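# Architecture at a glance
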Amino acid sequence: MSAPHVLAKDFEAPGLWLFQWKPLFHIGSFAVAKPMVLSLLVMVIVVGFFWAAFAKPKLVPRGVQNLGEVAYIFVRDEMGRPFLGKDTEKWLRLLVPLFFFVWIGNLMSVIPVAQFPVNSRIAFPMVLAVLIYLTFWVVGVKNQGFFGLLKNSTMPPDLPAALYLIVVPIEFVSVFFIRPFTHAVRLFANMFAGHILIALFATVGFHFLWEKVTPQGFGVGVLGVVLTIAMTAFELFIQAVQAYVFTLLAAFYISAGLHADH
Amino acid sequence: MTGNGRQPSEAENRKFANDVSAAPATIVGGMLVYGGAGWLLARWLHLSALFPIGLVFGLVLAGYLVYARYGR
């Protein structure tokens, strides 16, 4: 056996079991596991924070209200207004909690003890994406009518007439079926991959610097620790970006329901 | 997005987002629709070659579509 094989003989890389949790307790026949507890915790944090910030608003904001206003304005100006324009204020009661629910859920990945990104279980982003998809339908049918929505979504203007024969089925599938799917998968896959990477490097560090310390493995272990720190910093960035993209696309899909795509 | 120092309008933002998010979805959609049709025909006519032909046909059509809509 060559040297690397001997070195890594007992090393076991983390796998899918990272994402499989045994139930912590049962409510009736309903099993509650860690990701669900975390998502409830995230909900409490988001509601609690905005409650503290805006329950008794002052004209001149102080303390936590300042922070709350910064958060609100950030979502309004960066994610709402580019697509929703003058309709933004109305939709912020959906977009602001959406952004913070996704972001803090992602942030759970690097918070000690929690250490699990809620959105790396696809059910969570899927529920949010379905919520936005249904909103798109309701708003779309209301503003454009059922057939208006179908026509505006599948028949882009300014195309040669013959092309519509091939465009319509493709656009239909991509707008009504692929869109909600990619919306959820984009968030899920990023959180899933990030969590696996951090876990892998952390396991390398732990294995070679603690469990099986050898002169040859020492460098590998140090590299694992350094990469764990670097990847954690990178993940912090990705978590915020993915929450931003998720909310931005939500605003865009809602705006596609409000107005025809022209 | 426009680069001339002017704030882009909502319509321009929507068009930009639609272009960048719809182009990949169109490619996948094309392969799904025509690949799917090819697969069904392949099963029906017992001609397995129709599935890859449908896939490639859908890919080419969707590629042309992206060009026709966004490339000009």
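What counts, and where the lines are drawn
- Residues numbered from 1 in each chain as written.
- Chains lettered and ligands numbered in written order.
- Predicted model: local features only at pLDDT ≥ 70, side-chain atom pairs only at ≥ 80, totals over all residues.
- Helix = DSSP H or I, 4+ residues; strand = E, 2+ residues; numbered from the N terminus.
- Buried ≥ 20, exposed ≤ 12 C-beta atoms within 10 Å, placed from the backbone.
- Rg over C-alpha atoms; globule rule 2.2 N^0.38 Å.
- Contact = placed C-beta atoms within 7 Å.
- Expected span 1.5 Å × (residues − 1).
- Arc of directions from axis to C-beta.
- UniProt positions renumbered as here; feature names shortened; annotations may be inferred.
- Axes fitted to C-alpha atoms, helices over the stretch in contact; angles between N-to-C directions.
- Parallel < 35°, antiparallel > 145°, perpendicular 65-115°, else oblique.
- Left-handed = near helix turned anticlockwise from the far one by under 90°.
- Nonpolar A, V, L, I, M, F, W, Y, C, P; charged D, E, K, R; others polar.
- Core = buried A, V, L, I, M, F, W, Y, C linked by C-beta atoms within 7 Å.

## Some points on the overall build of chain B
Each helix and strand counted, chain B has 2 helices and 0 strands in total. Evaluated residue by residue, chain B yields a buried proportion of 31% over its 72 residues.

## What about the overall build of chain A?
When you go through chain A residue by residue, the secondary structure sums to 8 helices and 2 strands. For a compact globule of 262 residues, the expected C-alpha radius of gyration is about 18 Å, and chain A comes in at 23 Å, more than 25% above that figure. Its C-alpha atoms put chain A at 70 × 60 × 40 Å along the principal axes. For chain A, with 262 residues in total, the buried portion stands at 34%. Restricting to contacts in chain A with at least 6 residues of sequence separation, those with at least 24 account for 63%.

## Quick word on helix 5 (residues 123-144) of chain A
All names here are of chain A. Taking 1.5 Å of rise per residue, the 22 residues of helix 5 would be expected to cover 32 Å, and the 31 Å separating its terminal C-alpha atoms lies within 8% of that figure. Considered for burial, the residues of helix 5 that qualify are Phe124, Pro125, Leu128, Ala129, Ile132, Phe136, Val139 and Gly140. Seen along its axis, helix 5 keeps its buried residues to an arc of 135 degrees; they face one direction. Exposed residues lying more than 90 degrees from the buried face of helix 5 are Val127, Leu134, Val138 and Lys142. On its buried side, helix 5 packs onto helix 2 (34-54), helix 4 (88-107), helix 6 (146-154), helix 7 (164-211) and helix 8 (217-258). Following helix 5 by one or two positions, Gly145 has its phi on the positive side, about 80 degrees.

## A word on the UniProt feature "transmembrane region" (unreviewed entry) in chain A
Residue and element names in this part refer to chain A. As recorded in UniProt, the sites labelled "transmembrane region" (unreviewed entry) are residues 24-52, 91-116, 122-140, 161-181, 187-210, 217-237 and 243-260. Between the C-alpha atoms that bound residues 122-140 the distance is 26 Å, and the span itself is 95% helix and 0% strand. Helix makes up 86% of residues 161-181 and strand 0%, and the two end C-alpha atoms of the span are 30 Å apart.

## Things to note about the packing of helix 3 (residues 64-84) of chain A against helix 8 of chain A
Residues and elements named next belong to chain A. In the contact formed by helix 3 and helix 8, the axes pass within 8 Å of each other and the chain directions differ by 30 degrees. When the interaxial angle is binned, helix 3 and helix 8 end up roughly parallel. Between helix 3 and helix 8 lies a crossing of right-handed hand. Of helix 8, the residues touching helix 3 (which contributes Val75, Met79, Gly80, Phe83 and Leu84) are Tyr244, Thr247, Leu248, Ala251, Phe252, Ile254 and Ser255. Looking at the contact of helix 3 with helix 8, its residues break down into 9 nonpolar, 3 polar and no charged.

## Regarding the packing of helix 2 of chain A against helix 3 of chain A
How two helices sit against one another is set out by the angle between their axes and by the gap between those axes. Residue and element names in this part refer to chain A. Interhelical geometry of helix 2 versus helix 3 gives an angle of 115 degrees and a closest axis separation of 7 Å. As helix 2 runs across helix 3, the sense of the crossing is left-handed. Together, Phe50, Ala52, Ala53 and Phe54 of helix 2 and Val64, Gln65, Leu67 and Gly68 of helix 3 make up the contact between the two elements. Taken together, the residues that form the contact of helix 2 with helix 3 break down as 6 nonpolar, 2 polar and no charged.

## Remarks on the interface of chain A and chain B
Between chain A and chain B, the residue contacts involve 20 residues of the former and 19 residues of the latter. Contributing elements (two or more residues each) for the side of chain A that touches chain B: helix 3, helix 7 and helix 8 of chain A.

## Examining unusual backbone geometry
Residues and elements named next belong to chain A. A positive phi angle, near 75 degrees, is found at Val113, a position not held by glycine. You can see Val113 is positioned in the loop between helix 4 and helix 5. Using a count of 6 C-beta atoms within 10 Å as the deciding quantity, one classes Val113 as exposed.

## Some thoughts on the UniProt feature "transmembrane region" (unreviewed entry) in chain B
All names here are of chain B. With numbering matched to this structure, UniProt assigns "transmembrane region" (unreviewed entry) to residues 20-41 and 47-67. As annotated, residues 20-41 has a helix share of 100% and a strand share of 0%, and its two end C-alpha atoms lie 32 Å apart. As a span, residues 47-67 carries 86% helix and 0% strand, and end to end its C-alpha atoms are 31 Å apart.

## Comments concerning the nonpolar core
In this structure, Leu95, Phe99, Val102, Ala250 and Ala251 of chain A are the most contacted members of the largest nonpolar core, which totals 43 residues. Put simply, the parts of the chain that give this core at least two residues each are helix 2, helix 3, helix 4, helix 5, helix 7 and helix 8 of chain A. No other element matches the 12 residues that helix 4 of chain A contributes to this core. Apart from the residues lying within four places of it in its own chain, the contact partners of Val102 of chain A are Asn119, Leu128, Leu187, Ala243, Phe246 and Thr247 of chain A. By size, the runner-up hydrophobic cluster in this structure holds 15 residues, among which are Val167 and Ile178 of chain A together with Ala25 and Leu65 of chain B.

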